[in-house]
Amino acid sequence: MSYLDLSDPVRKVFDTIDKKRGSYIEVLKEAVNIRSVKGDYAEAKKIISWTEKKFRDLDAGTTLQDVGSVMMDGRKITLPPVLIADFKSENSKMTLLVYGHLDVTPSPPGVESGDNESSFNLKEEDGALFGKGVTDSKGPLLCWMNAIQSYKESGMDLPLNIRFVIEAMKESGSVGLMDYLQESKGYLFRGVNFVCISDSSCLFADKPVITYGLRGCCKFKVTVEGAKCDLHSGVHGGMIAEPMTDLVYLLSNLSNIKGEILVPNLRDGIEDVTPDEEKNYHRLSFDVGKFKKESGVDRLLHKEDKKRLLMHRTRFPSLTIHSIDTGDSVGDEVIPCKVSGTFTIRIVPNQNPTEVFHRVQGYLVYLFNKVQSPNELTIDMPVGIPAWLAKNDDDNYKAASKAIFKVYRQKPELVREGSTIPIVYQLQQLSKKNVLLLPVGNSDHCILKNRDRIDVKTFMDGAKVVAAYIQELSTTKLKK
């Protein structure tokens, strides 16, 4: 069903989309069937080749860009290529660059719907589609293809030039792509007016959203090493300073039970919350009770106040301890000679990863020296990704807001999210453009669950949002 008046140029495209339900789902089925799980390079190459053919069928100019190789288990592995696909009709038209990825994450251990055949066979149940990648992020990319195809089948030229940059290594940290973007920025971003990504989780189920901010991520590994070999608790217990005791002491002093980070001065430089932000968090349609139920917990922090919960999830830094590793130590009576713990700090704008590392390092060294342990302490930060924040009132965001209103008859909520997508910050820095995150789906689809799902209606509406967004961008008058 279309809400558009007869004079709207995108109405014909919407009508075409409404007639293509069956074929769209069949193509999604093909994409889901390719097992492009993180780490499977052969399947990653296969999904990139499949996608290139689909783009060529739509008359795009395509290039498979070699991005090098990596060493794994002593072997040199060629990385999957990056796909560049161009829809270019007139130099006078503005250009939109779209990023997408086609790899999927493995299912958590023990999950019933793990990485077996059923995960890669698209299934429709009660108006929903189930299968690996339907939301993250094969489904969203197909919404772009479907919109472009519908323009063509409606007898309409694309009102924009569109360039796609597509990878199948996002879940592995975009290995290869980051260097390629840096090396080829003069070519990739020449003439680009807007940048868009359809890859983000969503906070809310009841209203459409546009994401304008993400937290960054600093991943830490803390190692304490004592004796040259494992010892026995019956023989050595009570006589030595055990590495595990030191590590537990350090980890337990990183944050308290209220979720407050105890690292001194870590929040220095973070901007104060403005009155407008306070009002916006009050207005957001977030159901605390529903979120608590879906998360499977009895109680949330911050007195379950909606505004405070959302701010601590998206506006403020948070610290999570993930694991303790004892290496090859086996047995209930063993004193491990070497233990490692991992934790992450989700950082926000004005927090620099390097400064965060030095503050955490200084604090942990202080605690370690305070107990005068004879063991050896090592602190590493293998990953440091800055936070990302965009201006949510520019022409790109206005066009997306109008497009969403045309489809849903609701103004989208502008939100920040607590997760991290490394490529967003990189694209904004290199392109010098305000990046837009345009989610396809809602929180029921995006929260980590046993089965990746998207409603059929949401999938179809996603193509309409993309079609309307393209049209709205084309009417923008660039400021000189």
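Residues numbered from 1 in each chain as written. Predicted model: local features only at pLDDT ≥ 70, side-chain atom pairs only at ≥ 80, totals over all residues. Heavy atoms only, no water.

Further remarks concern the sheet that holds strand β13 (residues 318–325). Strand pairing within a sheet occurs via backbone hydrogen bonds; the two strands may be parallel or antiparallel. Pairing within the open sheet is antiparallel, and its four strands lie in the order β13-β15-β11-β16. In this open sheet, the two strands that pair with only one neighbour each are β13 and β16 (376–385). Each neighbouring strand pair of the sheet contributes to a mean axis angle of 20 degrees, computed without reference to strand direction. Contacts from helix α12 (residues 353–370) reach β11 (216–225), β15 (338–347) and β16, with the element oriented near 160 degrees to β16. (Pairing = 2+ DSSP bridges. Helix = DSSP H or I, 4+ residues; strand = E, 2+ residues; numbered from the N terminus. Axes fitted to C-alpha atoms, helices over the stretch in contact; angles between N-to-C directions. Contact = heavy atoms within 4.5 Å.)

Under the defined criterion, the tally for this structure stands at eight aromatic pairs. The interplanar angle of 45 degrees and the centroid separation of 4.9 Å between the aromatic rings of Phe55 and Phe164 together place this pair among those described as tilted. Separated by 109 residues along the polypeptide, Phe55 in helix α3 (residues 41–57) and Phe164 in strand β8 (residues 161–167) bring together distant segments of the chain. The exposure classification of Phe55 matches that of Phe164, with both residues buried. By the ring-pair criterion, three or more aromatic residues cluster together here, those being Phe55, Phe87, Trp144, Phe164 and Tyr469. Lying across the ring of Tyr187, Arg163 places its NZ or CZ 4.5 Å from the centre. Stacked on the ring of Phe316, the Lys or Arg Arg267 has its end atom at 4.6 Å from the ring centre. (Phe/Tyr/Trp six-rings, centres within 6.5 Å; stacked < 30°, edge-to-face > 60°. Buried < 20%, exposed > 50% of the residue type's maximum accessible area, 1.4 Å probe, protein only. Lys NZ or Arg CZ within 6 Å of the ring centre and 35° of its normal.)

Counted at 1.5 Å a residue, the expected span for helix α2 (residues 21–33) with its 13 residues is 18 Å, and the 18 Å between its end C-alpha atoms agrees. Buried within α2 are the following residues: Tyr24, Ile25, Leu28, Ala31 and Val32. Buried residues along α2 cover an arc of 115 degrees about the axis, so they all sit on one side. If you follow the buried residues of α2, they end up packed against α1 (11–18), α3, β6 (123–125), β7 (128–130), α4 (138–153) and α16 (456–474). (Expected span 1.5 Å × (residues − 1). Arc of directions from axis to C-beta.)

This part is about the environment of Asp103. The topology assignment puts Asp103 in the loop between β5 (95–101) and β6. Apart from residues lying up to four places away in sequence, Asp103 is in contact with Ser36, Asp136, Glu167, Ala168, Met169, Lys170, Glu171 and Ser172. Polar side-chain contacts of Asp103 include one of 3.0 Å to the side chain of His101. Of note is the side chain of Asp103, whose polar atom sits 3.0 Å from the backbone nitrogen of Lys170. (Polar contact = N/O pair within 3.5 Å; in protein donor to acceptor, adjacent residues only side chain to side chain.)

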